[in-house]
Amino acid sequence: PIYRPNATTTTRSSGQTMTFRLAVLLALLTCAVYTPALQTDFVAGDRQFILNNERAADVPTALRSFIADYWGTLGGESFVYYRPLTVLTHCIDSNLWGENPVGHHLTNIVLHELVTLLAFAFFLRLLPQRRLLCFAAALLFGLHPIHTHSVLYVVGRTDVLATLFCLLSLIVLCRRHCTFVPG
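Engineer: Got a minute to help me understand the environment of Leu124 in this structure?
Structural biologist: Relative to the helices and strands, Leu124 is located in helix α6 (residues 101-126). Residues Leu124 and Ala138, spaced 14 residues apart in sequence, show a C-alpha to C-alpha distance of 9.8 Å. Contact partners of Leu124, with chain neighbours within four places excluded, come to Thr19, Arg131 and Cys134.

Engineer: Where do I start with the packing of helix α5 (residues 84-97) against helix α9 (residues 157-173) in this structure?
Structural biologist: Angle between the axes and distance between the axes are the two parameters that describe a pair of packed helices. Remark: α5 packs on α9, axes separated minimally by 10 Å, with the N-to-C direction vectors making an angle of 115°. Judged by the sense of rotation from one axis to the other, the crossing of α5 with α9 is right-handed. Along its contact with α5, which presents Leu85, Thr86, Thr89, His90 and Asp93, the element α9 presents Arg157, Thr158, Leu161 and Phe165. Looking at side-chain class alone, the contact of α5 with α9 contains three nonpolar, four polar and two charged residues.

Engineer: Would you explain the packing of aromatic side chains in this entry?
Structural biologist: Each aromatic ring pair is described using two quantities: the centre-to-centre distance and the angle formed by the ring planes. Under the counting rule described, the total for this entry stands at two aromatic pairs. Geometrically, the ring pair formed by Phe120 and Phe135 is edge-to-face, given 6.4 Å between the ring centres and 85° between the ring planes. Pair noted here: Phe120 is in helix α6 and Phe135 is in helix α7 (residues 131-143), with a separation of 15 residues, a long-range link. A single burial state applies to Phe120 and to Phe135, both of which are buried. Seen in terms of ring centroids, Phe122 and Phe123 are 6.1 Å apart; in terms of plane orientation they differ by 50°. Their pairing is tilted. Look at Phe123 and you get partly exposed, because its relative accessible area is 23%.

Engineer: Help me out: how do you make sense of unusual backbone geometry in this one?
Structural biologist: Across residues other than glycine, the phi torsion is negative in most instances, and most of the peptide bonds are trans. The backbone phi angle of Ala44 is positive, close to 35°, even though this residue is not glycine. Mapped onto the fold, Ala44 is located in the loop between α1 (7-34) and α2 (45-51).

Engineer: I would appreciate a short explanation of the confidence of the model for the chain in the present structure.
Structural biologist: When pLDDT drops low, the exact placement of atoms in the prediction is not to be read closely. Confidence in the prediction for the chain averages 87 pLDDT; 84% of positions are at 70 or higher. When mean pLDDT is compared element by element in the chain, α7 scores highest at 97, while helix α4 (residues 70-73) scores lowest at 70.

Engineer: Honestly, the pattern of salt bridges in this entry has me stumped. Any pointers?
Structural biologist: Opposite charge on two side chains lets them pair, provided their charged atoms get close. By the definition in use, this model includes two salt bridges. A salt bridge links Arg47 to Asp41; the shortest N-O distance between them is 3.6 Å. Assessed through its relative accessible area of 37%, Arg47 is described here as partly exposed. Given the relative accessible area of 44%, Asp41 is considered partly exposed.

Engineer: Got a minute to help me understand the nonpolar core in this structure?
Structural biologist: Proteins that are soluble and globular tend to have nonpolar side chains buried together. With twelve residues, the main nonpolar core is built from Leu111, Val115, Leu118, Ala119, Phe122, Phe141, Val160, Leu161, Leu164, Leu167, Ile171 and Cys174. For this core, the secondary structure elements donating two or more residues are α6 and α9. With sequence-adjacent residues up to four places away left out, Leu167 is seen in contact with Val115, Leu118, Ala119 and Phe122. Counting residues in hydrophobic clusters, the runner-up holds ten residues, among them Phe42, Ile50, Ala62 and Trp71.

What counts, and where the lines are drawn
- Residues numbered from 1 in each chain as written.
- Predicted model: local features only at pLDDT ≥ 70, side-chain atom pairs only at ≥ 80, totals over all residues.
- Heavy atoms only, no water.
- Helix = DSSP H or I, 4+ residues; strand = E, 2+ residues; numbered from the N terminus.
- Contact = heavy atoms within 4.5 Å.
- Axes fitted to C-alpha atoms, helices over the stretch in contact; angles between N-to-C directions.
- Left-handed = near helix turned anticlockwise from the far one by under 90°.
- Nonpolar A, V, L, I, M, F, W, Y, C, P; charged D, E, K, R; others polar.
- Phe/Tyr/Trp six-rings, centres within 6.5 Å; stacked < 30°, edge-to-face > 60°.
- Buried < 20%, exposed > 50% of the residue type's maximum accessible area, 1.4 Å probe, protein only.
- pLDDT = per-residue confidence, 0-100.
- Salt bridge = Lys/Arg side-chain N within 4 Å of Asp/Glu carboxyl O.
- Core = buried A, V, L, I, M, F, W, Y, C linked by side-chain atoms within 4.5 Å.

In structure tokens:
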């Protein structure tokens, strides 16, 4: 017997190839826009949180931030700012990159690219037959200037991580029945 793909198989395969190509293009364009951040130094709050924080690389302190007030632990003014995952990612960066801002900025760029690709995936869940529209929406999301602060300031990672988990939640929620049907 000779295998001959049917029209459905061929269409699905070409659609997946197109989606993959659009995702790669989306990642490349987002990377091209934010790569200059790798040449910047720490700014404003980055200095206080990374450079002037003797416990930035202390893993036990970062892990304790899940159950205790991180800022109070550092001897500073205690205030309600519960961001333990952000603290942990900064701790990992501090252990990997030390005080070199390139690595810290690289983490933010990679996380933003991941979030942009998740936005694309979410839009595709809603409108699976409208790949180019989903790509355009994700590109607008990824390149929109409103994200500059969250990506370029190392401490802006809080927003990127929050968006990452919101999009993951929406994708899981829409796993089966979130396709938009025009009425």
